[in-house]
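Structural characterization, general
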Amino acid sequence: MSFHGEIAAAIGKRVSLRLRDEGEYPFRDLLGVLKDETTIITKDGQARTFAVADIAFFRVVPVFNRRDSDSAELELYDTRSRTLRKIAEPDADVTVYCCGPTVYRDAHVGNMRTFLLSDLAVRALEISGHQVKVIQNITDVGHMIENINENPSEDKVLQESKKQSVSAQEIALRYEERFHNDLAALNITPAHSYPRASESMKLIISSIEKLIANKSAYVGTDGNVYFDAASFATYGAVSGNKLEELQPGHRYEYSGDGGKRFHADWALWKLAHDRTEMVWDSPWGVGFPGWHIECTAMSLELLGESIDLHVGGIDLRFPHHENERAQTNSIAGKDVVRHWLHGEHLLFEGKKMAKSSGNVVLVNDLIGAGLDPLALRLALLENRYRSQIDLTWDALRAADALLKRWRKSMSQWGISELTKFDSEINELTMADLDTPRIILRLRAVEKDSTVGDQDKRAIFLYADQLLGLDLNRTLQSDQPISAEIESLLLSRAEARIKKNWIEADSLRDKLAELGIEVRDGVDGQSWERIN
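Just so it is clear, the structure is predicted and the values come from calculations on it, not from any experiment.

Conventions used here
- Residues numbered from 1 in each chain as written.
- Predicted model: local features only at pLDDT ≥ 70, side-chain atom pairs only at ≥ 80, totals over all residues.
- Heavy atoms only, no water.
- Helix = DSSP H or I, 4+ residues; strand = E, 2+ residues; numbered from the N terminus.
- Buried < 20%, exposed > 50% of the residue type's maximum accessible area, 1.4 Å probe, protein only.
- Contact = heavy atoms within 4.5 Å.
- Areas by Shrake-Rupley, 256 points an atom, 1.4 Å probe, with all protein chains shown as cover.
- pLDDT = per-residue confidence, 0-100.
- Core = buried A, V, L, I, M, F, W, Y, C linked by side-chain atoms within 4.5 Å.
- Phe/Tyr/Trp six-rings, centres within 6.5 Å; stacked < 30°, edge-to-face > 60°.
- Lys NZ or Arg CZ within 6 Å of the ring centre and 35° of its normal.
- Axes fitted to C-alpha atoms, helices over the stretch in contact; angles between N-to-C directions.
- Parallel < 35°, antiparallel > 145°, perpendicular 65-115°, else oblique.
- Left-handed = near helix turned anticlockwise from the far one by under 90°.
- Salt bridge = Lys/Arg side-chain N within 4 Å of Asp/Glu carboxyl O.
- Pairing = 2+ DSSP bridges.
- Lys, Arg positive; Asp, Glu negative; His and termini not counted.
- Polar contact = N/O pair within 3.5 Å; in protein donor to acceptor, adjacent residues only side chain to side chain.

Here we come to the overall build of the protein. Looking only at helices and strands, the protein features 15 helices and 20 strands. Buried positions account for 52% of the 531 residues belonging to the protein. Here the contacts in the protein between residues at least 6 apart in sequence split such that 72% fall between residues at least 24 apart. Here the protein displays about 23800 Å² of accessible surface, and carbon together with sulfur accounts for 48% of that area.

The next thing to look at is the confidence of the model for the protein. This prediction gives the protein a mean pLDDT of 88; 90% of its residues lie at or above 70. Note on residues 144-153: pLDDT is under 50 here. Beyond four places in sequence and across chains, it has 29 contacts.

Within the largest apolar cluster, 120 residues are counted, with the highest numbers of intra-cluster contacts made by Leu76, Leu268, Leu376, Leu391 and Leu433. Top element by residues in this core is helix α2 (residues 109-127). It accounts for eleven residues. Discounting chain neighbours no more than four positions away, the residues touching leucine 268 are Ile208, Leu211, Ala217, Val225, Tyr226, Phe227, Pro289, Gly290, Ile293 and Gln327. Among the nonpolar cores identified, the runner-up in size contains 13 residues, and Leu30, Ile40, Phe50 and Val52 belong to it.

Moving on, we get to the packing of aromatic side chains. Enumeration according to the criterion identifies nine aromatic pairs in this entry. Measuring from ring centre to ring centre gives 5.1 Å for phenylalanine 115 and phenylalanine 179, while their planes differ by 75°; the resulting arrangement is edge-to-face. Within this pair, whereas phenylalanine 115 is found in helix α2, its partner phenylalanine 179 is found in helix α4 (residues 168-185), the two being separated by 64 residues in sequence. Both residues of the pair, phenylalanine 115 and phenylalanine 179, belong to the buried class. The ring centre of tyrosine 218 lies 4.0 Å from the NZ or CZ of arginine 261, which sits over that ring.

This next bit is on the packing of helix α6 (residues 291-303) against helix α7 (residues 317-332). Viewed as axis vectors pointing N to C, α6 and α7 meet at an angle of 50°, and their least axial separation amounts to 9 Å. Classed by the angle they form, the pair α6 and α7 counts as oblique. Seen along the crossing, α6 lies across α7 with a hand that is right-handed. Taken together, the residues of α7 that come into contact with α6 (itself represented by Trp291, His292, Ile293, Cys295, Thr296, Ser299 and Leu300) are Pro319, His320, Asn323, Glu324, Gln327, Thr328 and Ile331.

Inspection of every chain in the model, using the stated rule, returns 28 salt bridges. Aspartate 106 serves as the salt-bridge partner of arginine 178, at 3.0 Å between the closest nitrogen and oxygen. Of this pair, arginine 178 sits in helix α4 while aspartate 106 is found in the loop between β8 (94-98) and α2, placing the two residues 72 residues apart along the sequence. Looking at arginine 178, the relative accessible area reads 35%, which means it is partly exposed. Residues participating in the shared-partner salt-bridge network are Arg384, Arg386, Asp432, Asp434 and Arg437.

Attention now goes to the pairing of strand β3 (residues 39-42). Sheet topology note: the strand β2 (residues 27-36)/β3 ladder contains four bridges and is antiparallel. Along β3, the bridge assignment pairs glycine 32 with threonine 42. Taking the residues between adjacent antiparallel strands as the criterion, β2 and β3 are bridged by two residues. With three bridges joining them, β3 and strand β4 (residues 47-49) adopt antiparallel strand pairing. If you follow isoleucine 40 over to β4, its bridge partner there is arginine 48. Joining the antiparallel neighbours β3 and β4 is a turn of four residues, in which glycine 45 adopts a positive phi near 90°.

Time to look at the sheet that holds strand β16 (residues 346-348). Strand pairing within a sheet occurs via backbone hydrogen bonds; the two strands may be parallel or antiparallel. Across the sheet, three strands lie side by side as β17-β16-β18; this open sheet has mixed pairing. Each end of this open sheet is capped by a strand with a single partner; those strands are β17 (351-352) and β18 (389-391). Here β16 pairs with β17 via two bridges, running antiparallel. Each residue of the ladder has a partner; that of leucine 347, found in β17, is lysine 352.

Now for the side chain of arginine 113. As for its placement among the helices and strands, arginine 113 is situated in helix α2. Despite its burial, arginine 113 pairs with no opposite charge, the nearest such side chain being glutamate 344 at 5.8 Å. Within polar-contact distance, the side chain of arginine 113 engages the backbone oxygen of glutamate 344 at 3.1 Å. Beyond its immediate stretch of four places on either side in the chain, arginine 113 contacts Glu344, His345, Leu380, Asn383, Arg384, Tyr385, Ser387, Gln388 and Ile389.

This is the structure in structure tokens:
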């Protein structure tokens, strides 16, 4: 896809770019003011150059003058306090940490719901005038196995590397690149940085040393390093679990942890033993980190000791976020994260998404089914982030149809790029991201004969700054077609009227060869481009 036109039109505006990179990282991200078609000025005043051909993702970031806007401030549900709380004071910069993927497989649509939640929060904060810095980690080592009876010398990345007979690093990079592609397909704003666990060992080891020094961690009798759960007085504040009531053997802990003082302690560093790949030297011997410590090390390094918002799926609330909070606060000597935000689970066709259920759906599966991947984004937005969703193929197809209808309406409403502040949409946005009611508001505006077409378009464009549905995208079926295609479409319509089904099918095949997919419905034939 070429971005030349969009880039030229965005000169002087604040933009977010994701660029393909042939180096060690598959992508690099830039955020700043576009000086010209190849230069962006970042927040620190540096001029960074790029090639338009390298752009994988592009978005104009909304910038509002708060004196001219009536935008409210964003309030979200805080898991720790169990209350709605304001994220930031007016005009304050905001820091966000979002737990990223474990790159041993493709992220499924349930995983993508968490990353969409982070995107919505960031967009809402930007709408209310904040500069937002987002860090999202890449877990490419140290993730605890889910089944405590599995081989404790391997993590998920290593297991997958054996299955596919390639190196663990190749597995991690492959699925990391696919993750970034999925983010772009769902119009999810890139984070400012995606630190990898495997490249953060000095930070991780330093964090463990600090925890040992202040008596929050210890070297067990088996040589592994463990966090002393009893040393952290407010353990359980996020999840509601009480330390004394925890049972041994919960998920994400290895079997064979016989060196612990207490069964609820968790590993910060594991000795390698027979493991030879993805291991590092440390003061405690050659080994690898536990899962939770990577987020502590990277968040403190990249965001400091005051983080406004920490985002993740509800499955991470315990033990990951509970353990991470204990580690991070023990190093900083204070409560670092102000607000914990969690998105609920997603079911698919009535079941938890899992290989055993045969219902794992990927973003590429939607594309393969002929659906716009943003139909998934819309289907998720039709539910509150704190409510469990039972997603279905029918819901995805309905969302896809609604997207097409809205984009067609947008093209009929004009070409203006102006947005119109809508107080109801803003209120719903800032009141805990009430996206279902925002969509209902748009449906009402669409049908309201008292609202002019130009105002309808401007209100939809305003809402799309949060929804991220590319409602201004030109439908392929609205683009000019050749005289040959137009003639074939007319001939096929006539063949159907005459009930010459053989001729109609033959013309359908010819049109498909030219990149046109024809569909028959109660209102006659319709078509769209397929390449």
